[in-house]
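# Structural features, examined
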Amino acid sequence: MRTTYRMRSGRFLGILAAGLIILGVAAVLWALGLPGVAVSVFVTLGGMIALAGLWILARPPKVARLRDGDLEVRGLRTPWTDITEVGRVETTHGEAIVLRTKNPDHPILLPISWLAPGKAESLETALRDKLNAAHGYTIWDGTAPEDTNSAE
């Protein structure tokens, strides 16, 4: 089973806004009576940027893709068996989810500000569940198993 987490789409509103501003400049150039070539260049450029902004808003880039055998973070694939711990750290850009690997010099960071609101907790839970499953750990519920083969 694969689970995909995408970037918060609001981070990319600036692309759409830039395209609309360029289309506004094209309208002003047309209203001033500038040659059609200049207006068409601004219309084409603004339209392409606005369409790209709409595309990115509709399908933001993937931050993390969780699979049964491995984890892909920003294009970097790592097997679950190479990850030793999931936690949170404070960085210069805010709080982040950290995946510590067997190589202590290469932790994997996922800035929480990149994720959609409310997705950080579900991502962290999913990461811990997948990591526990990959290492064969189970959550102890505080009870002792029933001894069915008692010698008494």
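Scroll up for the structure.
The sections below set out a description of the structure shown in this document.

The rules we used
Residues numbered from 1 in each chain as written. Predicted model: local features only at pLDDT ≥ 70, side-chain atom pairs only at ≥ 80, totals over all residues. Heavy atoms only, no water. Pairing = 2+ DSSP bridges. Helix = DSSP H or I, 4+ residues; strand = E, 2+ residues; numbered from the N terminus. Axes fitted to C-alpha atoms, helices over the stretch in contact; angles between N-to-C directions. Contact = heavy atoms within 4.5 Å. Core = buried A, V, L, I, M, F, W, Y, C linked by side-chain atoms within 4.5 Å. Buried < 20%, exposed > 50% of the residue type's maximum accessible area, 1.4 Å probe, protein only.

Next up on the list: the sheet that holds strand β7 (residues 108-111). Spatially, the 3 strands line up as an open sheet ordered β5-β6-β7, and their pairing is antiparallel. For this open sheet the edge positions go to β5 (83-91) and β7, each flanked by a neighbour on one side alone. Between one strand and the next, the sheet's axes are offset by a mean angle of 25 degrees, whatever the strand orientation. Here β5 runs beside strand β6 (residues 94-101); their pairing, made up of 8 bridges, is antiparallel. Looking at β6, one finds that V89 is bridged to A96. Across the face of the sheet, helix α3 (residues 119-135) comes into contact with β5, β6 and β7 while running at roughly 155 degrees to β5.

This brings us to the sheet that holds strand β1 (residues 3-6). In spatial order, the strands read β1-β2-β3-β4; together these 4 strands make up an open sheet with antiparallel pairing. Sheet topology places β1 and β4 (76-79) at the edges, where each strand pairs with a single neighbour. Across the sheet, the mean angle separating the axes of adjacent strands is 15 degrees when strand polarity is ignored. Bridge count for strand β2 (residues 62-66) against strand β3 (residues 70-73) is 3 bridges, and the pairing is antiparallel. Bridge pairing links A64 to V73 in β3. Here α3 sits on the sheet and contacts β1, β2 and β3; the angle it forms with β2, its principal contact strand, is near 30 degrees.

Let us look at the nonpolar core. One finds L66, L71, L99, L110, L123 and L127 to be the most contacted residues of the largest nonpolar core, which totals 22 residues. The set of elements that each furnish at least two residues to this core consists of β2, β3, β5, β6, β7 and α3. Looking at which element gives the most residues to this core, the answer is α3, with 4 residues. If we skip the residues at most four places from it in the chain, L99 touches L71, V73, I83, E85, V86, P107, I108 and L127.

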